[in-house]
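The residues making up each chain are set out below.
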Amino acid sequence: MKLHTAEVLHREAFGDHVLLRYRSDAPGGPPEPGQFVSVRPGGSTALDPFLSRPFFVHDSEGTTTSLLFEVRGRGTALLAEASELSVSGPLGRGFTVGGDGPALLLGGGVWVAPLKLLSRSLSRLGVEHEVFLEAPASAPAAYGSWLSGNYPGAELVPTGGAPDASRQVLDRAGDLSRYSAVYVSGGREMLVAAREAAAGRVPAQLAVRERMACASGACYGCAVPVWSGGVRGHARACVEGPVFRGEALAW
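Since the model is a prediction, treat every value here as computed from it, not as a measurement. (Residues numbered from 1 in each chain as written. Predicted model: local features only at pLDDT ≥ 70, side-chain atom pairs only at ≥ 80, totals over all residues. Heavy atoms only, no water.)

Caption draft 1: Representation of the overall build of the protein chain. Per the secondary structure count, the protein chain includes five helices and 14 strands. Here the protein chain has a C-alpha radius of gyration of 17 Å; the compact-globule value for 251 residues is 18 Å, and the two agree. Along the first, second and third principal axes, the C-alpha set of the protein chain runs to 50 × 45 × 35 Å. Across the 251 residues of the protein chain, 53% fall into the buried class. Contacts in the protein chain between residues at least 24 apart in sequence constitute 63% of all its contacts with a sequence separation of at least 6. (Helix = DSSP H or I, 4+ residues; strand = E, 2+ residues; numbered from the N terminus. Rg over C-alpha atoms; globule rule 2.2 N^0.38 Å. Buried < 20%, exposed > 50% of the residue type's maximum accessible area, 1.4 Å probe, protein only. Contact = heavy atoms within 4.5 Å.)

Caption draft 2: Region of the structure containing the pattern of salt bridges. Inspection of the entire model under this criterion finds 10 salt bridges. Among the ionic pairs, Glu-240 bridges to Arg-236, the shortest N-O distance being 2.8 Å. (Salt bridge = Lys/Arg side-chain N within 4 Å of Asp/Glu carboxyl O.)

Caption draft 3: Main features of helix H3 (residues 141-150). Within H3 the residues assigned to the buried category are Tyr-143, Gly-144, Trp-146, Leu-147 and Asn-150. Seen along its axis, H3 keeps its buried residues to an arc of 160 degrees; they face one direction. Along H3, exposed side chains directed more than 90 degrees from the buried face belong to Ala-141, Ser-145 and Gly-149. (Arc of directions from axis to C-beta.)

Caption draft 4: Broad picture of the packing of helix H4 (residues 165-173) against helix H5 (residues 188-198). Contact geometry for H4 and H5: axes closest at 8 Å, N-to-C directions at 40 degrees. Here H4 is positioned oblique relative to H5, judged by the angle of their axes. Where H4 crosses over H5, the two elements pack in a sense that is right-handed. Contacts between H4 and H5 involve Ser-166, Arg-167, Val-169 and Leu-170 from the former and Glu-189, Met-190, Ala-193, Ala-194 and Ala-197 from the latter. (Axes fitted to C-alpha atoms, helices over the stretch in contact; angles between N-to-C directions. Parallel < 35°, antiparallel > 145°, perpendicular 65-115°, else oblique. Left-handed = near helix turned anticlockwise from the far one by under 90°.)

Caption draft 5: Main features of H4. For H4, the complete set of buried residues consists of Ala-165, Ser-166, Val-169, Leu-170 and Ala-173. The arc that holds the buried residues of H4, viewed along the axis, is 135 degrees, so those residues lie on one side. Those residues of H4 that are buried are in contact with strand S7 (103-107), strand S8 (129-135), strand S9 (155-158) and H5. Trailing H4 by a residue or two, Gly-174 shows a phi angle of about 80 degrees, which is positive.

Caption draft 6: Molecular detail of the packing of aromatic side chains. Throughout the structure, instances matching the rule amount to five aromatic pairs. Through pairs of rings, three or more aromatic residues link up here, namely Phe-14, Tyr-143 and Trp-146. Here the guanidinium or amino end of Arg-188 rests over the ring plane of Trp-251, the centre of that ring lying 4.2 Å away. (Phe/Tyr/Trp six-rings, centres within 6.5 Å; stacked < 30°, edge-to-face > 60°. Lys NZ or Arg CZ within 6 Å of the ring centre and 35° of its normal.)

Caption draft 7: Highlighting the sheet that holds S9. In space, the six strands of this open sheet follow the order S9-S8-S7-S10-S11-S14, with mixed pairing throughout. Every other strand in the sheet has two partners, leaving S9 and strand S14 (243-245) as the edge strands with one partner each. Averaged over all neighbouring strand pairs, the angle between strand axes comes to 20 degrees, with direction disregarded. By the bridge criterion, four bridges tie strand S10 (residues 181-185) to strand S11 (residues 204-207) in an arrangement that is parallel. Note that in S11 the partner of Ser-185 across the bridge is Ala-207. (Pairing = 2+ DSSP bridges.)

It is worth stressing that arrangement in space is one thing and function is another; only the former is reported here.
Laid out in structure tokens, this is it:
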């Protein structure tokens, strides 16, 4: 996997939630909504951390790309403070965007990240859409204010860390049959709940979040169960995904 040097232009932190904006002239064209990049701190000759971290592209304009992630360990802590990054991508298959509205965008936790670029893409196409985002109980109030500013018109759903948080966000959207498409990025519970609610009623596209080692499809460490021709098999989230049709996932 080829890595390209990228200069960090701006960073914001809201508790453990971090936004990084960087500049990169890497080849490959602009990212599509739902694609991801594989990132590590730049300038590291000690390979610390050894593995790059996969992050959904939050937004992209020209040569500037932004990432939204949560600090959960040493690797993400180092990335949050880096002034230079080593980046590969954009990678994977993102959302299929288009059609008539209205569309529904659902986001949970820090996995709201790819919905920003998706929302902008839908707006450029003139597709009406509604956005419902979980406001995590663990995040400070400033993060909720930032979400409101970055997702204009989005409805934030405070869940208070409840065990049925994903269901609360889904219920707030109401009857899914009034939408022409549903796009979801969240934890496994939210993806499963949305897939079940949309089944037989409206096409759903789900952005899965899996642990990735190589991010190139070689290791099969990010394989997810899928249906293909009525047979249960597996697909690599980093190559065949990370976005899958709801009915294709065999959870």
